Amino acid sequence: MADTLTLFTSIGLSEQKAKETLKNEALSSALKDAITQAQHVHGVSGVDKAMGVLLYNMASRLKDTKRLAFLSDSIAQRKICTELQLTAALDFVKSHPQDPINQKEFDEACGVGLVITPEQIEDAVESVIKKHKEQLLKERYRFNMGLLMGEARSALKWADGKVIKNEVDMQVLHLLGPKTEADLEKKPKVRQFKLKVKLTAFHYAGENYTTEGYVVTPNTMALLKKHLEITGGQIRTRFPPEPNGILHIGHAKAINFNFGYAKANNGICFLRYDDTNPEKEEEKYFTAIKDMVEWLGYKPYAVTHASDNFQQLYDLAVDLIRRGHAYVCHQKGEELKGHNAPPSPWRDRPIEESLVLFERMKKGLFAEGEATLRMKMVMEDGKMDPVAYRIKYTPHHCTGDEWCIYPTYDYTHCLCDSIENITHSLCTKEFQARRSSYYWLCNALDVYCPVQWEYGRLNLTYTVVSKRKIIKLVESGIVRDWDDPRLFTLTALRRRGFPPEAINNFCARVGVTVSQTTTEPHLLESCVRDVLNDTAPRAMAVLEPLKVTIINLPENSLVLRVPDFPANEAQGSHTVPFTRTIFIEQSDFREVMEKGYKRLTPEQPVGLRHAGYVISVQKVIKVRFTLVELEVSCCSSDTAEKPKAFIHWVSQPVKCEVRLYERLFQHKHPEDPSEVPNGFLSDINPNSLQVISSALVDTSVKGAKVFDKFQFERVGYFSLDPDSTLIFNRTVTLKEDPGKI
C-alpha cells in the first residue's frame, strides 16, 4: 500500500488525492498499470507531472481497460500531450473496439505530431478578423467574439484555446482600440412579451408566511426581518439548471418565467448552476447554458454555482447532525431506491458518532457507496430520509479535488435559495413532492426559508427533450449533435433560425399555469413566422432549377432593384442581375396543361416577379426524353395580358446547399409505449432531413453571416448554417403545414 502511495505521488498527485485514489480499487489498479507501462517506455524517472495528469485522467475515464497499455504508451511517447488529444484518443478507442488499432487513423484523429506555432495562430486569427472586419468596425465590442474564437478553433483544431483567445483579444484591441463609453453602454434588450400567469397571487417580498402551506416557526418573523434588511424588499428569483446537458424549449419557459417575473417587478434573477454531480458536468454545458439565457435576451444579475457554497453547505450539514436531524448511514444505494426502502438500522446512532463519521467521509476514508449522510424526515411522496451527502471520488469542474463528498439536490437547492435570499423559488410541478423537505430543512437549520411555487412544465409533441434520450439519438447517428435542427434544444432552434423573440412570444402565448401544457409544434412555428415576416429580408432561390433562355432579350444583363420587404419598400432593397439565362423551379412548368394549374405551360404565359416581364414558351428542349431547358420569349408586363401567376427566378446565381427539415418522429408521443411499443428510436421519420446540394440563390445573400435569416420568396424562411456560408437551413415554411415542424 505504501509503495503504491509513493508511486502515485511520484507522478504529481497530492498525498490526499493519492489516498483517495487508493480507496477506489478499480481506478487504483488501472492507474498503477498505466504508470508501470509508461515507466517501461520512458524510464522510472521520466514520468513527469504533466504526463502523470494525463495518465490519471486516462485511467479514470477509460471504460475498456484492454486499451490501457496502448494509451499509456501513446502518453509516454508524448504522442498524446494535451487534454484535447486525450479526449480525442478516448473517443477513438471507444468507437474502434476491433483489434488491432489502425495507428495511422488514430494519429490523424488525435492530432499526433502536429505542432501549432504561434505564427500559425497569429495568421489564423488575422484571417478570421479580416473576414469580419467590416462588421467588427460597425458593431465594435458588441460583436459576438465567440464567433471569432469558433472560426479560429475550427482552423486550428489542436491549438491551445487560451493562446487563441489571447491572440483574438490582442488583435481586436489593436483593430478597435480601448473600449469607449459607448462600448460600455448596456446593449438594448429585445422586447419581452408579458407572461400570462394563472397561478394564485404571489406573496410580497417578506410576507412569505401569507402563502398557503408555508411553515411558520418561532423564529420565522425575525428571519424575514433580516431577509428584508438584506434585500430591501426586492423580488429575487433564480434559474437553476444542471450543467450536464443543453437547454430545451421547456427551459425557455422557465427562463422567461424566472427572469420575466423578476423584471416585471423591478427585481433580480440569478443564473445558478446546480453543479453537485461532477461526473456528468462539462465546460461546454456551462458555456452553452449562459449563451442561451443571453440569446433569449436576459442578463443574469449574477452567475453563481451551488459549488460556491460547498463549505457553507458542509458547515450546515454538521449543524444539522448536531441538532439531531441527520445521521451517517451505511445502507447500499440499491437498498435506498424506491419508496418502500427498509428503515436504516443506523437512524438512531449517537450524534457524536455521526459527526466523527461525517468528518471521515469528508477526509476520504470511505469508499464510494460505503456511507451517506441522510436527513431524518419524510417527503410528501412518502420517501423516507432522503440522502443529503454522498461520496464521489470525481474532480469537480470548479473545486477540483478539494471535495470527495457532494451534496444532493434535496439538500442543496433550498439552502442555496436561502443563502441568495430568493423570494420566489419557481419550479415545475414534479418538484411539488419536495416542497415539504424544502421547508423542513430550512426550518430545521433555523435559516431564512423562501417560498416554493410550482407551475406546469411545457411539453411539445413529436419530440423528446430528455438528456438521456437525446444522447441516444446522437450516439445512434440519427442526429448530428445537440444542435441538430430537428431537435427542440435551444441550440438546435437557434441553428435552425428560430428568432429568440419568437420563442419568448411563444412562452408568453402559452402562459404559466399549474397544469402541465402539451403543445403542437405548429403553434411555435406561428410565432416564428410572425417575427420573420417583419425581420427577414426577401431573396429569390430555386431549389430544383430548370434552365430558361429568353431568346428576345439582349445579351447584356440588366440590374434590377428588388425591395427587401415588398410590403414596405422603405425598409430597404437590393439589386439582382437579369440576363437572357434565368432559372426557375421545375415545378413551375408543366408540359401538359392541367385544370387549375396557373403557372407556365406551352399554352400559358407567366409573369416573372420583380422583373416587369411576362414569358411565353417557344421551345421545349429535351435530352433522351429528359427536360433540360426552355426557350421563351418575353414582353413587358405593361403591354401583356395580365398572367394568372408570377413566379420567382434567379440569374447569375450563387450555388448553395439547402437543408429541409420535417418532424423527427412519426407519432405525437414517441415516448408513449402505447403509441410506440418498440421505443422512440423505432419511430424516426426517414424523411426528417432532405439535403438539396445544387440549389441556386440570388447574389443578394453574399456576405451574409451565420444565423442571418431570409425569406426565399414562395419557398420559405431560411437561416445561414454555421457549417458554411453556402448552407441554408429551412426554418419554417411560408404557411402552416401540420406535416412539418
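These numbers were taken from a predicted model, which means no experiment stands behind them.

**A look at the UniProt feature "domain: tRNA synthetases class I (E and Q) anti-codon binding" (unreviewed entry) in the protein chain**
Step number 1: Here the UniProt-annotated "domain: tRNA synthetases class I (E and Q) anti-codon binding" (unreviewed entry) positions come out as residues 646-721.
Step number 2: Between the first and last C-alpha atoms of residues 646-721 the distance is 29 Å; the span itself is 0% helix and 37% strand.

**Focus: a nonpolar patch on the surface**
Step number 1: The grouping of Tyr209, Val216 and Met221 at the surface amounts to a nonpolar patch, some 280 Å² of accessible area in total.
Step number 2: Looking at the element boundaries, tyrosine 209 is found in the loop between strand E1 (197-198) and helix H13 (220-231).

**Topic: the pattern of salt bridges**
Step number 1: Applying the stated criterion across every chain, the model contains 38 salt bridges.
Step number 2: For glutamate 294, the salt bridge is made with lysine 299, and the minimal N-O distance between the two is 3.7 Å.
Step number 3: Across the pair glutamate 671 and lysine 469 runs a salt bridge whose closest N-O atoms are separated by 2.8 Å. On the criterion of sequence distance, the pair formed by glutamate 671 in the loop between strand E24 (654-661) and strand E25 (689-697) and lysine 469 in helix H21 (residues 467-475) is long-range, its members being 202 residues apart.
Step number 4: Residue classification places glutamate 671 among the partly exposed residues on the basis of a relative accessible area of 40%.
Step number 5: For lysine 469, a relative accessible area of 14% gives the class buried.
Step number 6: By sharing partners, the salt bridges in this structure join Arg480, Asp483, Arg495, Glu657, Arg659, Asp721 and Asp723 into a single network.

**Comments concerning the sheet that holds strand E16 (residues 545-550)**
Step number 1: Strand order in the open sheet formed by six strands is E19-E16-E22-E21-E20-E23, with mixed pairing between adjacent strands. On the outer flanks of this sheet lie strand E19 (581-585) and strand E23 (646-647), each paired with one strand and no other.
Step number 2: Here four bridges tie E16 to strand E22 (residues 626-636), and the two strands are oriented parallel to one another. From the neighbouring strand, valine 548 faces E22, where its bridge partner is leucine 630.

**So, the environment of leucine 558**
Step number 1: By secondary structure assignment, the location of leucine 558 is in strand E17 (residues 558-563).
Step number 2: Residue classification places leucine 558 among the partly exposed residues on the basis of a relative accessible area of 33%.
Step number 3: Along the chain, leucine 558 and threonine 575 lie 17 residues apart, while their C-alpha atoms are 10.0 Å from each other.
Step number 4: Beyond its immediate stretch of four places on either side in the chain, leucine 558 contacts Val576, Pro577, Phe578 and Tyr613.

**Quick notes on the state of the cysteines**
Step number 1: Under the definition given, this model contains zero disulfides.
Step number 2: The thiol of cysteine 110 is unpaired, and the distance to the nearest cysteine sulfur, on cysteine 81, comes to 11 Å.
Step number 3: For cysteine 110, a relative accessible area of 0% gives the class buried.
Step number 4: Looking at cysteine 634, it has no disulfide partner, and the nearest cysteine sulfur is the one in cysteine 635, 7.0 Å off.
Step number 5: In this structure cysteine 634 comes out as buried when scored by relative accessible area, which is 11%.

**Description of the pairing of strand E27 (residues 716-720)**
Step number 1: By the criterion of burial, E27 is predominantly enclosed, with five of the five residues buried.
Step number 2: Across four bridges, the pairing between strand E26 (residues 709-712) and E27 is antiparallel. Residue pairing in the sheet places glutamine 711 in a bridge with tyrosine 717 of E27.
Step number 3: Between E26 and E27, which pair antiparallel and follow one another directly, the connecting turn spans three residues, one of which, arginine 714, has a positive phi of 70°.
Step number 4: Note that E27 and strand E28 (residues 727-732) share four bridges and pair antiparallel. Directly across from serine 719, in E28, lies its bridge partner asparagine 729.
Step number 5: If you look at the hairpin formed by E27 and E28, you'll find six residues sitting between the two strands.

**Some points on the packing of aromatic side chains**
Step number 1: Tallying each qualifying case throughout the model produces 25 aromatic pairs.
Step number 2: Between the aromatic rings of phenylalanine 92 and phenylalanine 106, the centroid separation amounts to 5.5 Å while the plane-to-plane angle is 80°, which identifies the pairing as edge-to-face. A residue pair is termed long-range when its members are at least 10 positions apart, and phenylalanine 92 in helix H6 (residues 83-95) and phenylalanine 106 in helix H7 (residues 103-110) qualify at 14 residues.
Step number 3: Taking relative accessible area as the criterion, phenylalanine 106 reaches 0% and is therefore assigned buried.
Step number 4: What links up through ring pairs into an aromatic cluster is the set Phe310, Tyr314, Phe358, Tyr389, Trp403, Tyr406 and Tyr411.
Step number 5: A cation sits over an aromatic face here: arginine 663 above tyrosine 462, 4.0 Å from the ring centre.

**Brief notes about the domain arrangement of the protein chain**
Step number 1: Domain assignment breaks the protein chain into domain 1 (1-110), domain 2 (118-181), domain 3 (308-414), domain 4 (467-534), domain 5 (544-562 + 570-647) and domain 6 (658-733).
Step number 2: Distance between the C-alpha centres of domain 4 and domain 6: 13 Å.
Step number 3: Contacts between the two partners involve 23 residues from domain 4, matched on the other side by 26 residues from domain 6.
Step number 4: Roughly 2100 Å² of surface becomes buried between domain 4 and domain 6 when both sides are summed, with 63% attributable to carbon and sulfur atoms.
Step number 5: Between the two partners, domain 4 and domain 6, sit five salt bridges.

Rules used throughout
- Residues numbered from 1 in each chain as written.
- Predicted model: local features only at pLDDT ≥ 70, side-chain atom pairs only at ≥ 80, totals over all residues.
- Heavy atoms only, no water.
- UniProt positions renumbered as here; feature names shortened; annotations may be inferred.
- Helix = DSSP H or I, 4+ residues; strand = E, 2+ residues; numbered from the N terminus.
- Patch = residues over 30% accessible without salt bridge, like charges linked within 9 Å, V, L, I, M, F, W, Y side chains within 5 Å.
- Areas by Shrake-Rupley, 256 points an atom, 1.4 Å probe, with all protein chains shown as cover.
- Salt bridge = Lys/Arg side-chain N within 4 Å of Asp/Glu carboxyl O.
- Buried < 20%, exposed > 50% of the residue type's maximum accessible area, 1.4 Å probe, protein only.
- Pairing = 2+ DSSP bridges.
- Contact = heavy atoms within 4.5 Å.
- Disulfide = S-S within 2.5 Å.
- Phe/Tyr/Trp six-rings, centres within 6.5 Å; stacked < 30°, edge-to-face > 60°.
- Lys NZ or Arg CZ within 6 Å of the ring centre and 35° of its normal.
- Domains from an automatic or database assignment.
- Buried area = accessible area lost by both parts, 1.4 Å probe.

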